[in-house]
Structure formats: structure tokens, C-alpha cells
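Listed below, chain by chain, are the residues.
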Amino acid sequence: MQSIVSTEWLQQHLNDPDLIVLYVMGLKRKQQALQEQADAVQIPGSRFFDLKQDFQRPGSELPNTIPTPAQFTAACQALGIRKDSKIVLYDSSGIYASPRAWYLFKVMGHAEVAVLNGGLPAWQAAKLPVESFQKHLFTAGDFQANFQADQFQDTAAIQTNIASQDRAVIDARSEGRFQGTAPEPRAGLSSGHIPGSYNIPFTEVLENGHYKSSEELSAIFNQLDLQQDKLTFSCGSGITACIVLLAAEQVLGDLPKAIYDGSWTEWASTEGLPINKQDQ
């Protein structure tokens, strides 16, 4: 199963008995409510993967913190997901939240998972069948998380890497935020970047809500002239970093890849950590 699948592929496999289609719900409740009122449709048989409610760690001081394996296991079982399930993820805005959900499955040890390229807009543009927005009933699954520590990085690991340069850190924020010439959306947080890191704004790997072609993605990564064979992806809070990681998955093969889950929010709010800017 490829990590990114087309609407044609999903149409052909939609009724496979081991396939589960997950609608990745938006990260902001107000936007989600407006979206549901406006769209009110979903791919037939979809189940709801709620990043905010069920798939981030409750009580964390940081946004979008990775859930514990036990929490992830319980939430997946409640969705009827089994150990042998094949999973396709999609969201309402083309490509945005679904790569984060894809990463969570990968870091929890589930290999058979993919993102629908173009999401719900692409499905609708192809005039494929939809159903009214609804919740389905299903039997609890037997999914079990198996946390893959090598796909996760914390602040201590990133700090150590500044000296060792063992891994290339790729930041998915905009160029202005990365260079320190534009403000962060989070009040009181400095912009800038982790010393030695590279910048690929997540918008650069997308076009019209789809991932760019493999040739175009290869050109983007080749421009960095990476010297390391291990990659860590960062952003503002761990969401758009997953978009760029999934792009890298298409063109950089089996190179080890991880997410810095605290990302810039944790780095820039931790006293004493170095921050580079364009004029330095």
C-alpha cells in the first residue's frame, strides 16, 4: 500500500472488507463546525478521526502533543480499527491534517496507512459518491500501538544534534517565520530557526490541494544539498511538519525520518535555547 493514494485507487478499493476510511477532523472546533454545516458530506462509510478530541495528549502545555500509546490504542479500538486494517485518511481541505494522522499511525507501528491525495475536494471534483455527514456504528477493534521511538524526537535530541549534525532538521514554516523576518502566530513567541536547520515551507510541496509530482518533490529536496542521511521535520506545533515528511517519503526512500513533536512552539518558549535569524 502506497503512502499516498489517488481517488481512483480509493474508488476501486472502497468496499474492501479490511479497508477503513477515516475523515480527519479539523484542528479548530469553530472551523470544524462551519465546515460541517457547509459541506455536510463525507466519503461513504467514513469514520471520524478527531485530532483535537481523541488523538492528542490531554493536559499538555503544548498544542497537538502526540498521544500516549495506550491512549492511541483505546481511541483506535473505539473506531473499530484492527491490527490488520488498511487505513486511508482524508480531510476537507485537500492536504492539511491527514498527514499528521498518517504520522501518528506510523509512529505507533501501523504500516498499512495512506493519505488520500487531494482529500474530500478531489473526491467531489471527480464526481464520486458521497453521503450525508453521519456517524456509523461498528464493532470495537483489536488495534495495538507499538511505539516506534526512532520516528520521534524531543527537544533534548534536537539540542544535541546542533553540535553533532547527525540529522538534517527541516522546518516546514514559512520563509519569513524561519528567517525571523515575520512574526509567529502565537503571541509572545520569537520567530527564527533552530541553528543549522533547513527550510521547506509546507506550501512548497503542495499544489491545488494535492502533493506535487515526484519529479517536482525531488527537485525541492535536491536544492537543499543535504549531507545527512537522517531527517527530522519540524514546524510550528507538529502538524505541517508531517506534510513535508510525507512528501519526503515519496522521493527519499528509506532514509530514517522523524518528527520533532514540540516543534518551534517548544523550542522558542524554552529559555536558553539558541535561535538564529536572517540578520545573524
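In this text, all values refer to a predicted model and were calculated from it rather than measured experimentally.

The rules behind the values
- Residues numbered from 1 in each chain as written.
- Predicted model: local features only at pLDDT ≥ 70, side-chain atom pairs only at ≥ 80, totals over all residues.
- Heavy atoms only, no water.
- Phe/Tyr/Trp six-rings, centres within 6.5 Å; stacked < 30°, edge-to-face > 60°.
- Helix = DSSP H or I, 4+ residues; strand = E, 2+ residues; numbered from the N terminus.
- Buried < 20%, exposed > 50% of the residue type's maximum accessible area, 1.4 Å probe, protein only.
- Lys NZ or Arg CZ within 6 Å of the ring centre and 35° of its normal.
- Pairing = 2+ DSSP bridges.
- Contact = heavy atoms within 4.5 Å.
- Axes fitted to C-alpha atoms, helices over the stretch in contact; angles between N-to-C directions.

Describing the packing of aromatic side chains
One pass over the structure, following the stated rule, counts 12 aromatic pairs. Aromatic side chains Tyr-23 and Phe-48 sit 6.4 Å apart centroid to centroid with 70 degrees between the ring planes, which places their arrangement in the edge-to-face category. Pair noted here: Tyr-23 is in strand β2 (residues 19-25) and Phe-48 is in strand β4 (residues 47-50), with a separation of 25 residues, a long-range link. Assessed through its relative accessible area of 1%, Tyr-23 is described here as buried. Here Phe-48 falls in the buried class, since its relative accessible area comes to 16%. Aromatic side chains Phe-72 and Phe-105 sit 5.2 Å apart centroid to centroid with 80 degrees between the ring planes, which places their arrangement in the edge-to-face category. One end of the pair, Phe-72, is in helix α3 (residues 69-78); the other, Phe-105, is in helix α4 (residues 98-107), and 33 residues separate them in sequence. Of the two residues, Phe-72 and Phe-105, neither departs from the other in class, the shared state being buried. Taken together, the ring pairs connect Phe-49, Phe-55, Phe-72, Phe-105 and Phe-143 into an aromatic cluster. Over the ring of Trp-264 we find Arg-173; its NZ or CZ atom is 4.3 Å from the centre of that ring.

Quick look at the sheet that holds strand β10 (residues 198-199)
Read across the open sheet, the five strands follow the order β8-β14-β13-β9-β10; overall the sheet is parallel. Edge strands, defined here as strands with exactly one partner in the open sheet, are β8 (152-153) and β10. For strand β9 (residues 168-171) and β10, the ladder comprises two bridges, and the chain directions are parallel. Looking at the pairing, Ile-170 lines up with Tyr-198 of β10. Contacting β9, β13 (231-234) and β14 (257-260), helix α9 (residues 240-251) crosses the sheet at an angle of about 175 degrees to β14.

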